[in-house]
Amino acid sequence: MKNNIIYFILICMFFSCEKSNNISDPIDTGNMVTTQGLDFIPDLIYCDLGDTVFFILTPSHNAVQVSQTTYQNNGGTPLDGGFNIDYGQSGYFVPETIGTYYYVCQPHLPGMKARIIVQ
């Protein structure tokens, strides 16, 4: 009987625990970027602050955040502290400020560029 009470208490404690989501935890908000040919699909995403953008890349593509100037000049120099999804990897990015985020596939410039606009 005493063991049953202990098990009951442990089970109640287990199911009463709740995981908190902070701004860096991935939450599926329907924002997914894939690659097709030499394009990011889609190449423009509008999302809200704190939404998660998921990347699913094929082996010949990466996604590197760049500055607006680098983007406009078709460059591939990574932005210090920016996101970087490696070749053929899956990953995610959670924007923490409102604005436009620019990213490129380095080996496929000048054409393979995209933006995330956070509202």
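Note that the structure is a prediction, hence the values are computed from the model and not measured. (Residues numbered from 1 in each chain as written. Predicted model: local features only at pLDDT ≥ 70, side-chain atom pairs only at ≥ 80, totals over all residues. Heavy atoms only, no water.)

Draft legend 1. The overall build of the chain, seen in detail. Counting secondary structure elements, the chain contains two helices and nine strands. When the helices and strands of the chain are placed in sequence order, the string is α-β-β-β-β-β-α-β-β-β-β. Sequence-distant contacts in the chain: of pairs separated by 6 or more residues, those separated by 24 or more amount to 60%. Taken as a whole, the chain presents about 7,600 Å² of accessible surface, with 55% of it coming from carbon and sulfur. (Helix = DSSP H or I, 4+ residues; strand = E, 2+ residues; numbered from the N terminus. Contact = heavy atoms within 4.5 Å. Areas by Shrake-Rupley, 256 points an atom, 1.4 Å probe, with all protein chains shown as cover.)

Draft legend 2. Highlighting the sheet that holds strand β9 (residues 113-118). The five strands are arranged β3-β9-β8-β5-β6 in an open sheet whose pairing can be described as mixed. Bordering the open sheet on either side are β3 (44-47) and β6 (84-85), each of which pairs with just one other strand. Bridge analysis of strand β5 (residues 63-66) against strand β8 (residues 99-104) gives three bridges, and the strand direction is antiparallel. Following the sheet pairing, Val64 is matched in β8 by Val104. (Pairing = 2+ DSSP bridges.)

Draft legend 3. Representation of unusual backbone geometry in the model. Between Ile41 and Pro42 the backbone carries a cis peptide bond, its omega angle lying at -10°. Residue Leu109 is joined to Pro110 through a cis peptide bond whose omega torsion reads 15°. Its location among the elements puts Pro110 in the loop between β8 and β9. Phi is positive for Asn74, close to 60°, though the residue is something other than glycine. Mapping Asn74 onto the fold places it in the loop between α2 (68-72) and β6. Under the relative-accessibility criterion, Asn74 is labelled partly exposed at 34%. (Buried < 20%, exposed > 50% of the residue type's maximum accessible area, 1.4 Å probe, protein only.)

Draft legend 4. A look at the packing of aromatic side chains. Within this structure, the stated rule accounts for eight aromatic pairs. Here Phe54 and Tyr92 contribute two aromatic rings whose centre-to-centre distance is 6.2 Å and whose plane-to-plane angle is 50°, an arrangement assigned as tilted. Of this pair, Phe54 sits in strand β4 (residues 52-56) while Tyr92 is found in strand β7 (residues 90-93), placing the two residues 38 residues apart along the sequence. With relative accessibility at 23%, the residue Phe54 sits in the partly exposed group. Classification of Tyr92 as partly exposed rests on a relative accessible area of 39%. On the numbers, 4.8 Å between centres and 50° between planes, the contact of Tyr71 with Tyr102 is tilted. Of this pair, Tyr71 sits in helix α2 while Tyr102 sits in strand β8, placing them 31 residues apart in sequence. (Phe/Tyr/Trp six-rings, centres within 6.5 Å; stacked < 30°, edge-to-face > 60°.)

Draft legend 5. Here's a closer look at the side chain of Thr35. In this fold, Thr35 is placed in strand β1 (residues 28-36). Overall, Thr35 belongs to the buried group, its relative accessible area being 12%. A distance of 3.0 Å separates the side chain of Thr35 from the side chain of Thr58, its partner in a polar contact. In this structure, Thr35 is in contact with Phe40, Ile56, Leu57, Thr58, His61 and Met112, ignoring residues within four places of it in sequence. (Polar contact = N/O pair within 3.5 Å; in protein donor to acceptor, adjacent residues only side chain to side chain.)

Draft legend 6. How the structure looks around the environment of Lys113. Within the secondary structure, Lys113 sits in strand β9. Note: C-alpha distance between Lys113 and Gln72 (41 residues apart in sequence) is 9.7 Å. When neighbours within four sequence positions are excluded, Lys113 is seen to be in contact with Phe40, Asp43, Tyr71, Asn74, Tyr103 and Val104.

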